[in-house]
Amino acid sequence: MANGIAESFNSWIAIERLMPVYCMLDQTRIKQMEMAGKRREEAERWTTELTPKMEERLKVQMEKSRRFSVHYSSPGVYEKSYSFPIHPITNVDMSSTDSASECILPPLAKRPPGRPRVKRFKSVGEVEKKLICCGHCGKMGTHNKLSCTEPLVQQ
Ligand SMILES: [Zn+2]
């Protein structure tokens with residue numbers, strides 16, 4: 001989630017990011033001021049309590065709720081709901097009364113050698129395939145001599 005917000009913000013300031021630090025901060029500040037101004041003007045035109053999008057969602061939900069039927073409860077129903085005991089669930093603070101052999105310990109993890117990664121792993125859609133020249137057919141693409149499907153030319 002936080003990564004998504006950071007990436008969204010980074011793409012929003014794609015041009016500003018290339019500037020020197022002071023210019024980047026100033027341009028980002030101007031961009032935010034412009035956006036806030038635009039949103040304020042937009043909000044002044046609203047006539048409803050909620051945002052137009054949320055107002056529309058509320059209308060849809062209210063329309064859906066018309067089909068619900070209401071059943072009135074009685075004191076007996078409430079008492080019946082809570083008539084059975086609720087047993088506590090064991091956690092770290094409250095150890096189980098059963099044998100210790102049933103206790104599940106975390107796996108023995110060993111830190112991998114080398115420096116930890118700084119760059120994140122990219123998703124499948126994000127990775128751009130690099131074009132390479134095939135040694136067999138000579139075409140530019142994503143295959144090489146071994147994975148080439150072009151037929152052999154008899155000489
Ligand atoms: Zn090829």
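Bear in mind the structure is a predicted one, so any value in this text is a computation, not a measurement.

Q: What exactly am I supposed to notice about the environment of E7 here?
A: Within the secondary structure, E7 is located in helix α1 (residues 2–12). Discounting residues that sit within four places of it in the chain, E7 has contacts with R120 and E126.

Q: Please clarify how the coordination of the zinc ion should be interpreted in this entry.
A: In an ideal octahedron of six donors the angles at the metal are 90 or 180 degrees, and in an ideal tetrahedron of four donors they are 109.5 degrees. All of the protein donors around the zinc ion are C134 (SG), C137 (SG), H143 (NE2) and C148 (SG); their distances to the metal are 2.1 to 2.3 Å. Sequence spacing of the donors to the zinc ion: C-x2-C-x5-H-x4-C. H143 sits in the partly exposed class, given a relative accessible area of 22%.

Q: Would you mind showing me how to read a nonpolar patch on the surface here?
A: A cluster of nonpolar side chains, contributed by L50, M54, L58 and M62, occupies part of the molecular surface with about 350 Å² of accessible area. Along the polypeptide, L50 turns up in the loop between α2 (21–44) and α3 (52–65).

Q: How do you make sense of the packing of aromatic side chains when you look at a structure like this?
A: When we look at a pair of aromatic rings, we describe it by the centre distance and by the angle of the planes. Throughout the structure, instances matching the rule amount to 1 aromatic pair. Lying over the aromatic face of W12, K31 brings its terminal NZ or CZ to 5.1 Å of the ring centre.

Q: In this structure, what is going on with the environment of F9? I would like to understand it.
A: Within the secondary structure layout, F9 lies in helix α1. With relative accessibility at 35%, the residue F9 sits in the partly exposed group. Once you skip the residues sitting within four places of it in the chain, F9 turns out to touch T28 and Q32.

Q: Would you explain the side chain of E55 in this entry?
A: Considering the arrangement of structural elements, one finds E55 in helix α3. If near-sequence neighbours (up to four positions away) are discounted, E55 is found in contact with T48, E49 and L50.

Conventions adopted
Residues numbered from 1 in each chain as written. Predicted model: local features only at pLDDT ≥ 70, side-chain atom pairs only at ≥ 80, totals over all residues. Heavy atoms only, no water. Helix = DSSP H or I, 4+ residues; strand = E, 2+ residues; numbered from the N terminus. Contact = heavy atoms within 4.5 Å. Donors = N, O, S within 2.8 Å, 3.2 Å for Na, K, Ca; no water. Buried < 20%, exposed > 50% of the residue type's maximum accessible area, 1.4 Å probe, protein only. Patch = residues over 30% accessible without salt bridge, like charges linked within 9 Å, V, L, I, M, F, W, Y side chains within 5 Å. Areas by Shrake-Rupley, 256 points an atom, 1.4 Å probe, with all protein chains shown as cover. Salt bridge = Lys/Arg side-chain N within 4 Å of Asp/Glu carboxyl O. Phe/Tyr/Trp six-rings, centres within 6.5 Å; stacked < 30°, edge-to-face > 60°. Lys NZ or Arg CZ within 6 Å of the ring centre and 35° of its normal.

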